[in-house]
Amino acid sequence: MKFMFSCKDIHDQASQFIDGDCSMSTKAGVLMHTLMCSNCRLFIKQLRQTIVVIKKMPVQEYSNQELDDIADKILSKDQHS
Ligand SMILES: [Zn+2]
């Protein structure tokens, strides 16, 4: 099992990770990496926000702060599950 992902791994796996379309070990690896790498944390957050915005776009607009809060909630929930 691979726990230490490189930044390239994170970029490769990010969309599957966000969709939940990845294995538990991939999920754990991505989360472990984002705990230590602020660049990838930001990358995942921004990608996630983009997806949220796209899904919600016709109905509602979120502020950056609201999207940050949502991303934080999702990330912290994943870490503890
Ligand atoms: Zn990284």
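Our structure is the block above this text.
Note that the coordinates shown come from a computational prediction; the quantities given were computed from them, not determined experimentally.

A. Focus on the packing of helix H1 (residues 7-19) against helix H3 (residues 38-56). Axis separation between H1 and H3 bottoms out at 10 Å; the angle between their running directions is 25°. Classed by the angle they form, the pair H1 and H3 counts as roughly parallel. Pair H1 / H3 crosses with right-handed handedness. Note on element contacts: H3 touches H1 through Asn39, Cys40, Phe43, Ile44, Leu47, Arg48 and Ile51, opposite Cys7, Ile10, His11, Ala14 and Ile18. Of the residues assigned to the contact of H1 with H3, the class counts are 9 nonpolar, 2 polar and 1 charged.

Quick notes on the rules
- The numbering scheme is per chain: residues are counted from 1 as the chain's sequence reads.
- Local features in a predicted model are, by the rule used here, given only for residues with pLDDT of at least 70; side-chain atom pairs are given and counted only at 80 or more, and totals for whole chains, interfaces and linings are based on all residues.
- Only the stretch in contact is used when fitting a helix axis, every axis being a line fitted to C-alpha atoms; angles between N-to-C directions are given from 0 to 180 degrees.
- Think of it this way: any DSSP run of H or I at least four residues long counts as a helix, any run of E at least two long counts as a strand, and we number them from the N terminus.
- Here the word oblique covers every angle except those under 35 degrees (roughly parallel), over 145 (roughly antiparallel) and from 65 to 115 (roughly perpendicular).
- For a crossing to be left-handed, the near helix must be turned anticlockwise from the far one by less than a right angle; the clockwise case is right-handed.
- Contact criterion: two residues are in contact if their C-beta atoms, reconstructed from the backbone, are within 7 Å.
- Residues are grouped as follows: nonpolar covers Ala, Val, Leu, Ile, Met, Phe, Trp, Tyr, Cys and Pro; charged covers Asp, Glu, Lys and Arg; every other residue, Gly included, is treated as polar.

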